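So the chains spell out like this:
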Amino acid sequence: MYLDSGGLELLFGNERKHKVVLPARLEDGSRPNISYLLKYLVDNLMKDQRIDMFIMEDNVYVNVTLRVYSNSINDVDRRPGILVLINDADWELEGEETYELQQGDNIVFVSTLHGG
Amino acid sequence: MAPTACFDCKEARAVIIRPKNRHKLCRACFIKVFETEVHETIIGTNLFFPGERVAIGASGGKDSTVLAAVLKTLNERYNYGLDLCLLSIDEGIRGYRDDSLETVKRNAVQYEMPLDILGYSELYGWTMDQVVEQVGKKGNCTYCGVFRRQALDRGAARLGIKHVVTGHNADDVAETVMMNLLRGDLPRLSRGTSIVTSSDASDIKRSKPLKYAYEKEIVLYAHHRQLDYFTTECIYSPEAFRGSARTLIKDLEKIRPSSILDIVKSGEDMAALVPVEVRGAGKATQAGAEEESAGGCGSQNGRTSGGEMAAMEKQLTENDAAESLETEIKLPSGARVKPNRGPTGKAVKTQTIKHCERCNYISSQRICKACMLLDGLNRNRPKTAIEVGVGMEDEESSSTLMRQMERAQLSAT
């Protein structure tokens with residue numbers, strides 16, 4: 001797990017890019033999908049603090065860009081006003097939560113809320 | 001999932017689903033269609049004239065940044081002949097506006113537009129940080145809204161510009177329609193949907209070229225053109241009435257994406273049904289008041305919180321005495337009312353264009369609203385300021401106005 005910027009407990013003023021390393025196979029044998037990534041972000045990134053870097057033998061590297069308020073990713077699937085882009089495409093085109101992450105995917109979370 | 005081909009070019013990979021019609025488009029076709037639609041709005045409404053100097057109300061947020069980028073593109077592509085510049089208001093909110101202004105400064109370089117920044121501290125002697133320190137977070141949006149409205153006008157006047165464009169989008173307009181509907185505010189409903197809002201108290205025209213653009217598409221446009229914008233919400237913004245209206249339309253959008261444009265359309269159609277006396281009276285009475293404050297401000301949320309509503313109700317009762325107002329309100333649109341005396345011999349509030357006695361700013365009142373609020377601030381009695389400040393030109397007083405107009409209607413028949 002590697003973070004290139006701190007301050008995640010604060011509002012994300014400008015974008016924050018993260019390289020996230022996930023196991024290619026989960027314990028139950030399935031591949032990590034967007035649901036898994038969301039849970040992962042909530043459990044790890046959002047809690048800020050130090051996350052131990054761990055590299056597993058079989059990994060998926062995903063680039064995550066956050067342009068959202070840190071507390072809003074908790075319910076990204078329920079809360080209106082957050083767009084999820086998978087390699088620049090609306091996640092609706094890619095199967096939403098069920099999209100299985102591929103090596104080097106770019107995932108963007110972007111808020112549509114007012115920011116004047 | 002297999003890649004979907006673009007609906008328009010049938011070749012490139014679709015990356016966007018348009019909310020208004022569910023068309024799946026590739027990046028290039030989306031950017032093209034987004035720009036073309038804004039162009040059609042501009043042409044269809046004769047928004048600009050060649051050689052016009054236009055100030056873009058720029059906050060550094062997505063809406064105004066997209067507006068600046070699109071206007072620059074269209075101005076060059078279709079030879080509008082516009083002289084564009086950026087106008088920013090510095091409310092003086094540390095950790096919010098100072099950061100977003102940095103974005104605007106970069107935008108000025110990126111878009112090769114001159115930038116003018118006008119600060120609350122410079123204009124009023126108070127930053128919003130200081131205002132909040134004094135009045136607290138509740139109700140501070142009233143100050144900010146009043147101050148910003150005037151600040152944009154003053155900024156434009158300083159530049160000798162008569163047209164300010166703001167980044168209000170379809171979602172904002174739909175929100176405003178819903179709010180006015182929920183408040184039963186016909187005059188505002190009739191004016192809020194129009195692309196141009198000018199007021200009798202100001203010779204500066206306001207317009208919103210993105211009024212038919214979905215917020216979602218604005219964000220996607222910014223993303224796909226990699227525009228440099230600032231994402232955050234005002235740190236003082238509370239969630240109140242506008243916030244609820246917003247959640248409502250966003251929820252509707254989820255179920256039925258065309259809802260947002262449909263609400264805008266319904267707002268326009270209902271506006272056409274509002275009798276001209278109501279519309280006109282509202283306009284004259286509320287001279288200088290805009291339906292919205294400057295583009296993309298989350299801070300509009302708190303403007304009618306419970307406390308203010310209560311204060312308004314109180315105001316309403318007090319205003320019952322001022323029935324002489326009714327005769328004024330019936331006057332048709334654009335009518336200039338000479339200051340005159342009511343039956344009681346007391347000076348009647350009029351809607352004539354005057355200059356504020358304090359700051360000389362154009363105002364429909366003897367003392368402009370900003371000066372009234374400032375009075376209160378300076379006297380360290382913010383509560384009084386709010387009550388005094390809730391004059392006829394204020395949004396919060398709109399239902400007071402409504403009731404008075406209903407009565408005016410009744411007495412007219």
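Residues numbered from 1 in each chain as written. Chains lettered and ligands numbered in written order. Predicted model: local features only at pLDDT ≥ 70, side-chain atom pairs only at ≥ 80, totals over all residues.

A. Up close: the overall build of chain A. What chain A contains, in helices and strands, is one helix and six strands. In chain A, the succession of α and β elements from N to C terminus is β-β-α-β-β-β-β. Residue burial in chain A is summarised as follows: out of 116 residues, 31% are buried. Contacts in chain A between residues at least 24 apart in sequence constitute 76% of all its contacts with a sequence separation of at least 6. (Helix = DSSP H or I, 4+ residues; strand = E, 2+ residues; numbered from the N terminus. Buried ≥ 20, exposed ≤ 12 C-beta atoms within 10 Å, placed from the backbone. Contact = placed C-beta atoms within 7 Å.)

B. Up close: the packing of helix H7 (residues 170-183) of chain B against helix H11 (residues 259-273) of chain B. All names here are of chain B. Where H7 meets H11, the closest approach of the two axes is 8 Å, and the angle between their N-to-C directions is 55 degrees. Taken as axis vectors, H7 and H11 run oblique relative to one another. Handedness of the H7/H11 crossing: left-handed. Only Ile260, Leu261, Ile263, Val264 and Gly267 of H11 make contact with H7, whose side of the interface consists of Ala170, Asp171, Val173, Ala174, Val177 and Met178. Per-class residue counts for the contact of H7 with H11 are nine nonpolar, one polar and one charged. (Axes fitted to C-alpha atoms, helices over the stretch in contact; angles between N-to-C directions. Parallel < 35°, antiparallel > 145°, perpendicular 65-115°, else oblique. Left-handed = near helix turned anticlockwise from the far one by under 90°. Nonpolar A, V, L, I, M, F, W, Y, C, P; charged D, E, K, R; others polar.)

C. Just the nonpolar core, in detail. All names here are of chain B. Of all hydrophobic cores here, the largest spans 109 residues; its most connected members are Ile56, Leu87, Ala170, Ala174 and Val264. Top contributing element to this core by residue count: helix H6 (residues 140-159), with eight residues. Those residues in contact with Ala174, other than ones at most four positions away along the chain, are Ile249, Ile260, Ile263 and Val264. (Core = buried A, V, L, I, M, F, W, Y, C linked by C-beta atoms within 7 Å.)

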